[in-house]
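Spelled out from the first residue to the last, the chains are:
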Amino acid sequence: MTAWIPLLVILPLSGAFLIAIFSGMFKRIGGILTPLFMLILTCLGFMFFFRETDVLVYHIGGWELYNGIPVGIHFVVDGLSVLMVAIINLMGFLASFYSVSYIRKFTGEKYYYALFCLMVAGMNGVVLTGDLFNMFIFLEIAVISSYALVAFGIEREELEASFKYQVLGGVASLVILLGIALIYWNTGTLNIADIAIVLKENGDNKLISFVQVLLIAGFGLKAAMIPFHAWLPDAHSSAPSPISAMLSGVLIKAVGVYAIMRLFFNMFTLSYEISMLITVIGAVSMVGGVLLAVGQWDFKRLLAYHSISQMGYVVLGVGMGMVILSVGGSRDVAVLAIAGGLYHMVNHAVFKGLLFLNAGAVEYKTGTRMLREMGGLSNNMPLTSATYFSASMAISGIPPFNGFFSKLLIIIAAVQGGFYLMAILAVVVSIITLASFLKVHRYAFIGFSRFKNKKMFGEAPFGMGLPMVILAVLCLGLSLLIIPFFRDIFLSPAVNTLIHTLDYSQPILGLLP
Amino acid sequence: MILYILCFILFLVGLYGVITRRNVIKIVLGICIMEYSLNLLLILIGYVDEGVAPIVVRETMASKFVDPLPQAMVLTVIVIGLATTAMLLAIAIRVYKKHGTFDIREIKNLKG
Amino acid sequence: MMTRGMTNIVKTTTRLICGVIFIFGIYLVSHGHLTPGGGFAGGTVMAGAFILLVLAFGDDVKHLRKTEEGSSTLENLAILLFLLMGVAGMLFGANVFFKNFLEAGTMGELFSAGVIPFLNILIGIEVAAALFTVFLAFVIFKEEEK
């Protein structure tokens, strides 16, 4: 099974270049190739859930270990990366399928699909690679294609949002690069597993603390945590809707939160101060995001602010696990907190992707994003309305939808770990989220129509309807992850990867456990 | 040590430019300065006293090399910087065409 | 403007040195595995020769756009072939992505180092075409403004 790993990067890359070359001859090639490749990738990603050994290592170029020293670049497939690969490619498939109908009204279709494939290739690379600098390169591939995709409408707002995103993203990338350069200076290696061993031997170090703060700032900017969130509402609301679903659903997770989790659990030695900093950033994002979201009247902008808030839940859960591990508290509570965070991350990909696709369908049919100008859409667009209802219940944590269980896990872990304030905040934020989504429901979907021309809008076309239905079913279906049988296949390996922090290095460096 | 600190100061100069300038093109230049300071820092990290260029030919077989890995990293960063700068400038030109100005105070529409 | 492009002095000088610059770029690319330089450096030099030509002689927008399309396709083709070289390593030999599956040869000779010279040539084409495309995109943008 190891031999299949590089296909996860090769397929989307070759798809991007094939589309760019042949779309002059065959106009439809992008719309056919992209969903097809994404479907293959999704199957590949899910195949890795049933791998023989816990960790698979792939040496690119055949550069094996030399006297126990890693000389080449490795791809590592373990519980956490396989979970990320699965949600990236699943969302990629659904969003690209949705795009086929949606993107017809734009010009330059071929660039859209080529950039889409490049973005997926970059994200797959980020979650697979075991090399710090290689991670930076894949990260740049993913975010540079997303810069172009945000500006795809080339109107005033799109250009301004893209410029803001690029400047902040560029600064973030350079801060990350500074951190990587200092790590290389301090340890003399770039392999994450090797750095972990060297850092553990060297012990505490002022320079490494500085690097940790740099990396939190850099990846926090990519993940739009609250002091660094300024670009997200503009970028995510200006992009074409399938791209908003990809950006909010997976990009901020793959290049932001995943990198924070991987580096701070598996590479750095856990320290109380840094863990507490991450937890506080998570809590502030959770509260601040939802407070900023309540006052919004632009449908997609409101969803974008909720992304900040929901990612706050994820970082809060994972951060609490870090704090508990670093002070040597109960391992079970740490497992619960991290499992809650990861579970919420998967759920957020599904329901936030669905919400952005709903917003796209509404915009596609009515031509507006302003909630005050809508109304009565549940009669016109029953499918969109029904799927929106399921997603909004999931995001506000109403049982039996998936959001309820992941939030419950986080809150239980917070109470058991002694973070009473965080538990109260999580409950309050959940209630405000519900209020905010009921507002959308009240203004957009029920009541009388406030549209200027009182005609009936039809339902969105089949190509847009099918991904929405699949995601709505997943909103309910992912609740099953709470059952031990499914949890052991999908969620527990990822939690184990994080909880056994330095065991990550052993299979990669060929050490005996 | 002073050289490393100068690199870091150059990084901060670029950051200062990004934060305080009002002109779109000057912001792009600030990002470029930050990138070049990091390239310098990477090359300095790889420097070894009395090291020669890391090219293996018969005459240099026995001598001491500087670290080639940061040099490879710098090349990669230059390529990435090329893509980022081209992208930024393309957007800047488009912005100029739409708004007729490079001043970000007049471009600002999105807020809240 | 009466004639397109710059003055006669510039045009004549460009005619003289442009070929030399291009050949120097090819030298840098082909000796990438032996001396400093290689695909990226050589590719930028090669792109410099083309950029010099466009700057000195100028061109009308329609033709520039056609050139841009061509160089963009060439760029995509080169990078696809680069990826295929990596995949070829999976198909032949040890089944590893980007495996150097050709014989290494003797050190210091032009035909040595397995697939690395081929990768260098592909990167050279890719970088030259990409830089030229970026330049042409800006030129076309400026020409349209007029």
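**Student:** Help me understand the overall build of chain A in this model?
**Tutor:** In terms of helices and strands, chain A carries 21 helices and 2 strands. Principal-axis analysis of the C-alpha atoms gives chain A an extent of 75 × 60 × 45 Å. Pairs at least 24 residues apart make up 82% of the contacts formed inside chain A by residues separated by at least 6 positions. Surface summary for chain A: the accessible area is close to 16,500 Å², and the carbon and sulfur share equals 69%. For chain A, the distance from the average position of its 28 positive side-chain charges to the average position of its 23 negative side-chain charges is 14 Å.

**Student:** Please explain the packing of aromatic side chains as it appears in this structure.
**Tutor:** What characterises a pair of aromatic rings is the spacing of the ring centres plus the angle enclosed by the ring planes. Counted under the stated rule, the structure contains 26 aromatic pairs over all chains. Their ring planes at 25 degrees and their centres at 5.8 Å tell us that Y98(A) and Y102(A) sit as a pair that is stacked. Taken as a pair, Y98(A) and Y102(A) lie in helix 3 (residues 79–102) at a separation of 4 residues, close to a single helical turn. No difference in accessibility class separates Y98(A) from Y102(A), as the two residues are buried. Arranged with centres 5.6 Å apart and planes meeting at 75 degrees, the rings of F22(C) and F50(C) form a pair that is edge-to-face. Taken together, the positions of F22(C) in helix 1 (residues 8–30) and F50(C) in helix 2 (residues 39–57) put the pair 28 residues apart, joining distant regions of the chain. Taking relative accessible area as the criterion, F22(C) reaches 28% and is therefore assigned partly exposed. For F50(C), a relative accessible area of 34% translates into the label partly exposed. The rings of Y112(A), Y113(A), F116(A) and F152(A) are connected pair by pair, giving a single aromatic cluster. A cation over a ring is seen here: K439(A) above W297(A), with NZ or CZ 4.3 Å from the ring centre.

**Student:** Help me understand the environment of E103(C), please; the structure alone is not making it clear to me.
**Tutor:** Residue and element names in this part refer to chain C. Here E103 lies in the loop between helix 3 (61–91) and helix 4 (116–145). Its relative accessible area of 76% is what places E103 among the exposed residues. C-alpha separation for the pair E103 and V115, spaced 12 residues apart in sequence, amounts to 8.5 Å.

**Student:** Would you mind showing me how to read the interface of chain A and chain B here?
**Tutor:** One widely used convention gives an interface's size as the accessible area the parts lose upon coming together. If you look at the interface, chain A gives 35 residues, while chain B gives 39 residues. Between chain A and chain B, the buried area comes to about 3,400 Å², and carbon and sulfur atoms account for 80% of it. Applying the counting rule to chain A against chain B returns 0 salt bridges. Linking chain A with chain B are 3 residue pairs in polar contact (both at pLDDT 80 or more). Elements supplying a minimum of two residues to the side of chain A that touches chain B: helix 5 (132–150), helix 6 (156–187), helix 9 (231–238) and helix 12 (299–326) of chain A. Ranked by residue count, the leading element in the side of chain A that touches chain B is helix 6 of chain A, at 18 residues. Partitioning the side of chain A that touches chain B into residue classes produces 23 nonpolar, 4 polar and 8 charged.

**Student:** What is the right way to read the interface of chain C and chain B from this model?
**Tutor:** Listed as interface residues are 10 residues of chain C and, on the opposing side, 15 residues of chain B. Where chain C abuts chain B, roughly 1,100 Å² becomes buried across the two surfaces, and 82% of that area is made up of carbon and sulfur atoms. Here chain C is connected to chain B by 0 salt bridges. Counting across the chain C and chain B interface gives 0 residue pairs in polar contact (both at pLDDT 80 or more). For the side of chain C that touches chain B, the class distribution of residues is 8 nonpolar, no polar and 2 charged.

**Student:** Quick question: what am I supposed to make of the state of the cysteines here?
**Tutor:** Two cysteines whose sulfur atoms are joined by a covalent bond form what is called a disulfide. Scanning the model with the defined rule gives 0 disulfides over all chains in all. Sulfur of C32(B): no disulfide; nearest cysteine sulfur belongs to C7(B) and is 16 Å away.

**Student:** Looking at this structure, I do not really get helix 2 (residues 29–47) of chain A. What am I missing?
**Tutor:** Along an α-helix, a turn takes 3.6 residues, which lines up residues three or four apart on a common side. Residues and elements named next belong to chain A. Compared with an ideal rise of 1.5 Å per residue, which puts 19 residues at 27 Å, helix 2 spans 27 Å between its outermost C-alpha atoms and is within 8% of the ideal. Listed as buried for helix 2 are I29, G30, G31, L33, T34, P35, F37, M38, L41, T42, L44 and G45. Residues of helix 2 that are buried sit in contact with helix 1 (7–22), helix 3 and helix 4 (109–128).

**Student:** Just checking my understanding: could you explain the pattern of salt bridges for this structure?
**Tutor:** Proximity of charged atoms lets side chains of opposite charge pair with each other. Residues and elements named next belong to chain A. A complete count under the given rule lists 6 salt bridges over all chains for this structure. The salt bridge partner of D78 is R262, with a shortest N-O separation of 2.9 Å. One end of the pair, D78, is in the loop between strand 2 (74–77) and helix 3; the other, R262, is in helix 10 (residues 241–267), with 184 residues separating them in the sequence. A single network of salt bridges, built from pairs that share partners, joins K164, D234 and R301.

**Student:** Is there a simple way to think about the pairing of strand 2 of chain A in this case?
**Tutor:** For a regular strand, side chains alternate in direction, first toward one face of the sheet and then toward the other. All names here are of chain A. Covered by surrounding structure in strand 2 are H74 and V76 together with F75 and V77, the residues of both alternating faces. Of the pairings in the sheet, the one linking strand 1 (residues 56–59) to strand 2 comprises 4 bridges and is antiparallel in character. Its bridge partner lying in strand 2, V57 is registered against V76.

Criteria and cut-off values
Residues numbered from 1 in each chain as written. Chains lettered and ligands numbered in written order. Predicted model: local features only at pLDDT ≥ 70, side-chain atom pairs only at ≥ 80, totals over all residues. Heavy atoms only, no water. Helix = DSSP H or I, 4+ residues; strand = E, 2+ residues; numbered from the N terminus. Contact = heavy atoms within 4.5 Å. Areas by Shrake-Rupley, 256 points an atom, 1.4 Å probe, with all protein chains shown as cover. Lys, Arg positive; Asp, Glu negative; His and termini not counted. Charge placed at Lys NZ, Arg CZ, Asp CG, Glu CD. Phe/Tyr/Trp six-rings, centres within 6.5 Å; stacked < 30°, edge-to-face > 60°. Buried < 20%, exposed > 50% of the residue type's maximum accessible area, 1.4 Å probe, protein only. Lys NZ or Arg CZ within 6 Å of the ring centre and 35° of its normal. Buried area = accessible area lost by both parts, 1.4 Å probe. Salt bridge = Lys/Arg side-chain N within 4 Å of Asp/Glu carboxyl O. Polar contact = N/O pair within 3.5 Å; in protein donor to acceptor, adjacent residues only side chain to side chain. Nonpolar A, V, L, I, M, F, W, Y, C, P; charged D, E, K, R; others polar. Disulfide = S-S within 2.5 Å. Expected span 1.5 Å × (residues − 1). Pairing = 2+ DSSP bridges.

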